[in-house]
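Structural overview
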Amino acid sequence: MRHVLLAVLLAAAAALAAAFVTNDFYLRILFNICIYLLCASGMNVLLGFAGQKSLGQAGLFAAGAYGVALLTTSWDLGPWLALLLATGIAAACGVLIAAPSLRVRGPSLAMVTLAFGIVVEKLVTEASDIFGGAMGIYAIKPLTLNGDPLTMQQWVWLGILLCLGLHLLLRNLLTGRFGRAFLSLQADEIAAAAVGVSVHRYKVLAFVIAATTCGLAGALVAQQNQYINSDFITFNLSIFILLLVLFGGAGSLAGPVLGAVTLTLLSALLARWSWIEHFVQGALLLFALYAMPKGLAGVLAGLRRSGTSTAPRKAAEPDLQARLPTRPDDASPVAPLLTAQGVSKSYGGVRPARDIAALLTRGHIHALIGPNGAGKSTFINILSGVVRPDDGDIRFRDTPLGRISPHAICGLGVARTFQNLRLFRELSVQDNVLLGQHARMRNGFLASLLGLPASRREEAAARKRVTEILRFLGLSELAQQTAGSLPYGLQRRVELARALATEPYLLLLDEPAAGLNPQETAELGELLLRIREQGVTILLVEHHMDLVMAISDHVIVLDYGEKIAEGTPAQVQADARVTAAYLGVEEAPEAALELSLAGKP
Amino acid sequence: MTAMLEVSTASIGYGPIRAVAEASIRVEAGQVVAIVGANGAGKTTLLKSIAGLLPLSSGHIHFEGRDITAMPPHRRVGAGIALSPEGRQVFPDQTVRDNLELGAWSRNLSSSALEDAVEEQFNLFPRLRERQGQMAVTLSGGEQQMLAIARALMSAPRLLLLDEPSLGLAPLVIKEIFAIIRTLRGRGITVLLVEQMANLALGVADRAYVLETGRVTLSGTGAELLLHPQVRAAYLGAGH
Amino acid sequence: MLATYLQALVSGLAIGGIYALIALSFSITFTTTKTLNFAQGEFIGVGAFLGVTILYALSASGDAGSFAALSPAASGGFSYPVAAAVVGAVLGTLGILLFLAAIRPFAGKPGMSWVMSTIGFGIILQSLGLAVWGPAPVNMPSPFGDDVMRLGGAGVRPQEIVVLTVAVLLMVALDLVMRRTRMGKAMRAVAYSPQVAALMGINVTLVMAGAFALSSALAGIGGVLVAPVASASLFMGMGIALKAFSGAIMGGLDNPRGCIFGGFALGLLEAGVALWQAQWREIAIFALIILVLAIRPNGLFGARTLDKV
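Residues numbered from 1 in each chain as written. Chains lettered and ligands numbered in written order. Predicted model: local features only at pLDDT ≥ 70, side-chain atom pairs only at ≥ 80, totals over all residues. Heavy atoms only, no water.

Some details on the interface of chain A and chain C
Contacts between the two partners involve 41 residues from chain A and, on the opposite side, 43 residues from chain C. Here chain A and chain C share an interface that buries about 3,800 Å² over both sides, 80% of which is from carbon and sulfur atoms. Among the residues of chain A in contact with chain C, K53(A), P107(A) and M111(A) are the three that bury the most area, contributing 15% of the side total. Counting the contacts that link chain A with chain C gives 0 salt bridges. The interface formed by chain A and chain C includes 1 residue pair in polar contact (both at pLDDT 80 or more). Of all the secondary structure elements, the ones that give two or more residues to the side of chain A that touches chain C are helix 4 (79-103), helix 5 (106-126), helix 11 (235-248) and helix 13 (274-291) of chain A. Ranked by residues supplied to the side of chain A that touches chain C, first place goes to helix 5 of chain A with 14 residues. When grouped by side-chain class, the residues that make up the side of chain A that touches chain C number 29 nonpolar, 5 polar and 7 charged. (Contact = heavy atoms within 4.5 Å. Buried area = accessible area lost by both parts, 1.4 Å probe. Salt bridge = Lys/Arg side-chain N within 4 Å of Asp/Glu carboxyl O. Polar contact = N/O pair within 3.5 Å; in protein donor to acceptor, adjacent residues only side chain to side chain. Helix = DSSP H or I, 4+ residues; strand = E, 2+ residues; numbered from the N terminus. Nonpolar A, V, L, I, M, F, W, Y, C, P; charged D, E, K, R; others polar.)

Written as structure tokens, this is what we have:
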């Protein structure tokens, strides 16, 4: 509530200031600030939250500007309707630019967005019969109030109003599950998919939001000037929009405001000397990257925080009374939870999976063991949808898993943790675990954007469930800590909490005890037993034999991609093939005999 | 007598992970020393930091009396330490001969001296001479392992580090590789070997250390540890 | 009719030679450092202008003409090759500076900040260039004159032949260096794995800096080669670099020969589209790139990358 009040107050102050300024030059600067704030707000979602480096936003600006130009001149539509439609056109273009971006990574993504921007720039320059080229389009209808075109002052007020509205709407969106989902894309796409975030859908959404705001900005500029030509659409504009977000503070809600105000004022100051203006922009970009990775917003936040010192908090004891949120399971308890037949996978010369068959029983703790390179992680990756098997039939709760994507598998009730830990390190413990609840929450885009009561209720319910999970694991005191700052053992626990938050029927754990000392390993064992009591089935890949033998109901042994043994822990331990697989071919028979005798009491 | 290699209370971490905690290892010249332990125990991490690929968060490494803790990896090769990395890592798009010649990079040899050095390796590994013009990626796993060892030997090291030479290889091939390790010891090359297959490593080692979750828990001669129940327990769990 | 096709072929090969050269320059840094210079376009433009400046300085005696309109004699004799060599050296040094300032601080860190830092470096370079030389394009005479020759009825400019020949020679030389020389093998070792290369005793940082020096030198020389064909302007480089980058991506950034193929293919394609509708050629090219990337994200010949999970 405080934030909303502050925003409204700021907007009111700006509007009041505009009322007293009569000089057109200064009003124009205020208007430009609003325009760039609109661009930056959307770009912040795409770059700051979703982490997609788009270098072609000028193209979306053009879509809005030329859209409104053509709609009001060639099609003779009313100005307000044209504005609305042009914004829609820009949003559609956002889908266009998102589509190829989904498939490419790294420099190729930058390339595709850059190419898009250039294509649009060339299009509006070359296709002069439609777009007017360098001559541009004249007589664009300006917005009107009571039949008269808006005065400069009214344009500024409209700008401030739109910025305020956009800011509040985006704030609703970004502080809830959508914001968290975007951040997870930036942090780790694989982990995001594993907790139920549909990576493709959210990337497209981020692109569309950025396109809509840039398009709106472009349309407003065209209508205010009543003129548009290709000089407006340049690579420099795309870079400027990027800089607005980077300099202001990517990923922060105040960032776009800070960036838009400072950079527009700076631009206005230096406008007379164009090469200096560009130089300063380049220098600011480098400066922001070196010295202010979190932008102005980060600097200000750092100043505020340096006053208070926070002592690192310790984990609490797990609450034995806490209950995990689970989904109802009305199937017969004797029916197998998961069956796998003939699962095979090969990469070139390596075959990490050869015709593996497995059956997981409800309510059991299953362990998957084997020497390094046996194919254990590959099997987990196949079950969780990260790797497509070449062959095999896997059924989970009688549903064939086939070619389903990882986030859909999570939706069916399979959760996992990762061998090399894939936490969203920059997010708090609570946000990490809340992301586990992402797919279980029902509030859609519109409800979240408008901050409807239904959306708030979902968020509150999810938080309650997360609190319960944190209590279960003894992490309640650490809810607000940054996940990446915790000691290793606790980070593993947070990843476990996140997986449990997806309310799984089956929990796949890839080496959960890796890097833990004996005490931590014993605690983990206790935790897993309690999770089983809550009705969750577990499949555990592990090297820590003590842990495996102590808690497992059933052990499967892999070697060179094949299953070589399975049974109870005692049966597997006594199996000669298992010993040979681990310790190697016996060099001296007497030594081997001594070894086996030494183990007996 | 100062040992050839002395690792003193080395701790190595990646971010919040402590992979190795206060490990101390001694290798005397002319010995074969083995480090065994379950997967994830920190063996490869320790070897990589001896080669200079990972920094120590605390502790020291001394080689032939010099403190090399801060020395970058490309200079340690010149100092006499060579590593055959985990998974072989031969340069796949270059020929067997090219791989070997790159191994001698630090020695800056004339072309005739380089030729002699390559010949020496072919004498030790005749299979490689047969395949010298082939791209390294076309070699079998065992041949790639031989190539990786030969490549490391090309830098004329006094200490050879071998990371999991048996990984992913068939039993017969593993036997061959370990026979080569014995040959190398016969030629006076000091070997520090990291292995998951404890029996094999302990069978060839003069001295050995057991690593469990980053800590050295046992040390002794190879023969002693071969019979020690804690070794088996370290892999298969205690109490059986 | 044949003459028109022949003309398109020659100019397509000529401009394709430049695209291939620049594409190769991207591949050189990408294979060794997994990064590249997003300001390669500015390097090309600055290279061209620097070339003009050197030609102007070298022919300070009377018959040079003004800076903005050099007479053909300015490129005569050894002046042109000398200018190219000096530009190569200066831009190579600039490339090392770029490596130290914009790549090394960010390489390996998540988030690909090096994309933006190299863009920033490029913006600074371009603005400095604007301050020194101004925005107006400048003419660079060709060492073999600008008179159009007739080859089988087609109008061909001597510079186009020069561009194609020099580009091909450079690429063949580089291919040989990469495959046959010690240094080239060391670079390929770094490209496979900087860690394993270090185990051989190779100073990986030096190799990476060298890769950037080489890549930037090629960009500068590319600018000097292409300037007599189109005039030298500080803004010319962006389009060339973008198209070269597209060619590289189509061929697969990690495959040097694929990049060369991609560059030539793009040049020929552009000449072909120009025959049909000159003004649409850039748009057609870029639309094609976007399409190819959507279908084959790693390019036509690139290796498929797998994430380790």
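Some points on the packing of helix 11 of chain A against helix 13 of chain A
In a packed pair of helices, the relevant descriptors are the angle between the two axes and the axis-to-axis distance. Residues and elements named next belong to chain A. Across the interface, helix 11 lies against helix 13 with an axial gap of 10 Å and an inter-helix angle of 40°. Classed by the angle they form, the pair helix 11 and helix 13 counts as oblique. The crossing of helix 11 and helix 13 is left-handed. Together, N236, F240, L243, L246 and F247 of helix 11 and H278, Q281, L284, L285 and A288 of helix 13 make up the contact between the two elements. The class makeup of the residues in the contact of helix 11 with helix 13 is 7 nonpolar, 3 polar and no charged. (Axes fitted to C-alpha atoms, helices over the stretch in contact; angles between N-to-C directions. Parallel < 35°, antiparallel > 145°, perpendicular 65-115°, else oblique. Left-handed = near helix turned anticlockwise from the far one by under 90°.)

Notes on the pairing of strand 3 (residues 32-36) of chain B
Residues and elements named next belong to chain B. The element strand 3 is extensively covered by neighbouring structure, given that 5 of its 5 residues are classed as buried. Alternating residues of strand 3 divide into V32, A34 and V36 and V33 and I35, and every residue in both groups is buried. In terms of strand pairing, strand 3 meets strand 8 (residues 190-195) through 5 bridges, oriented parallel. Of the residues in strand 8, the one forming a bridge with V33 is L192. By the bridge criterion, 4 bridges tie strand 3 to strand 9 (residues 207-212) in an arrangement that is parallel. Across the sheet, residue A34 finds its bridge partner in strand 9, namely A208. (Buried < 20%, exposed > 50% of the residue type's maximum accessible area, 1.4 Å probe, protein only. Pairing = 2+ DSSP bridges.)

Observations concerning the confidence of the model for chain B
Overall, the predicted model of chain B reaches an average pLDDT of 88, with 95% of residues at or above 70. With pTM at 0.87, the complex prediction returns an ipTM value of 0.90. (pLDDT = per-residue confidence, 0-100.)

Topic: a nonpolar patch on the surface
Residues and elements named next belong to chain C. A contiguous nonpolar surface patch, about 680 Å² in accessible area, is contributed by M1, L2, Y5, L275 and W276. Among the elements of the structure, helix 1 (2-33) and helix 10 (256-276) are those that each provide at least two residues to the nonpolar patch. Accessibility expressed as a relative area gives 39% for L275, which makes it partly exposed. (Patch = residues over 30% accessible without salt bridge, like charges linked within 9 Å, V, L, I, M, F, W, Y side chains within 5 Å. Areas by Shrake-Rupley, 256 points an atom, 1.4 Å probe, with all protein chains shown as cover.)

Some remarks on the pattern of salt bridges
Residue and element names in this part refer to chain A. Applying the stated criterion to the full structure yields 34 salt bridges over all chains. As a salt-bridge pair, R532 and D553 come within 2.7 Å of each other at their nearest N and O atoms. Of the two residues, R532 is situated in helix 21 (residues 518-533) and D553 in the loop between helix 22 (545-551) and strand 13 (554-559); the sequence distance between them amounts to 21 residues. On the basis of relative accessible area, R532 is assigned to the partly exposed category, the value being 25%.

Quick look at the nonpolar core
As a rule of thumb, soluble globular proteins bury nonpolar side chains together. Counting residues in hydrophobic clusters, the biggest one holds 248 residues, and the most contacted among them are F182(A), L220(A), L192(B) and I202(C). Ranked by residue count, the leading element in this core is helix 10 (residues 199-225) of chain A, at 15 residues. Residues A104(B), A117(B), I181(B) and L193(B) belong to the second largest nonpolar core, which totals 50 residues. (Core = buried A, V, L, I, M, F, W, Y, C linked by side-chain atoms within 4.5 Å.)

A closer look at the pairing of strand 6 (residues 350-360) of chain A
All names here are of chain A. Relative to strand 6, strand 5 (residues 338-347) is paired through 6 bridges, and the arrangement is antiparallel. Across the sheet, residue K345 finds its bridge partner in strand 6, namely A353. A loop of 2 residues connects strand 5 with strand 6, the two strands running antiparallel in sequence, and G348 in this loop sits at a positive phi of about 55°.

Some points on empty space enclosed by the protein
Applying the stated criterion across every chain, the model contains 8 cavities of 30 Å³ or more. A volume near 160 Å³ is recorded for the largest cavity. Counting only elements with at least two residues in the lining of the largest cavity, the list comes to helix 2 (40-58), helix 4 (113-133) and helix 9 (236-251) of chain C. Here the lining of the largest cavity gets 4 residues from one element, more than from any other, and that element is helix 9 of chain C. Per-class residue counts for the lining of the largest cavity are 11 nonpolar, 3 polar and 1 charged. In this structure, the second largest cavity is lined by S41(A), N44(A), H167(A), L170(A), L174(A), L253(A) and P256(A). (1 Å grid on protein atoms, 1.4 Å probe; cavity = no way out; pocket = protein on both sides within 12 Å on 5 of 7 lines; lining within 4 Å. Points joined across faces, edges and corners; volume = space filled by probe spheres on them.)

Regarding the sheet that holds strand 9 (residues 399-400) of chain A
All names here are of chain A. Read across the open sheet, the 4 strands follow the order 6-5-8-9; overall the sheet is antiparallel. Each of the sheet's edge strands pairs with one partner strand only, and the pair in question is strand 6 and strand 9. Both strand 8 (residues 391-396) and strand 9 contribute to a ladder of 2 bridges, which runs antiparallel. Counterpart to R395 in the pairing with strand 9 is P400. Sheet contacts for helix 15 (residues 376-383): strand 5, strand 6 and strand 8; angle to strand 5, the most-contacted strand, approximately 120°.

Here we look at the state of the cysteines
All names here are of chain A. Applying the stated criterion across every chain yields a total of 0 disulfides over all chains. Of all cysteine sulfurs, the one in C163 lies closest to C34, which takes part in no disulfide; the gap is 4.4 Å. The thiol of C93 is unpaired, and the distance to the nearest cysteine sulfur, on C214, comes to 12 Å. (Disulfide = S-S within 2.5 Å.)

With respect to the layout of surface pockets
By volume, the second largest pocket is sized at about 1,200 Å³. Considering the residues around the second largest pocket, the lining is formed by 49 residues, among which K122(A), M236(C), G239(C), K243(C) and E282(C) are closest to the centre. Residue contributions to the lining of the second largest pocket peak at 8 residues, all from helix 1 of chain C. When its residues are assigned to classes, the lining of the second largest pocket shows 24 nonpolar, 15 polar and 10 charged.

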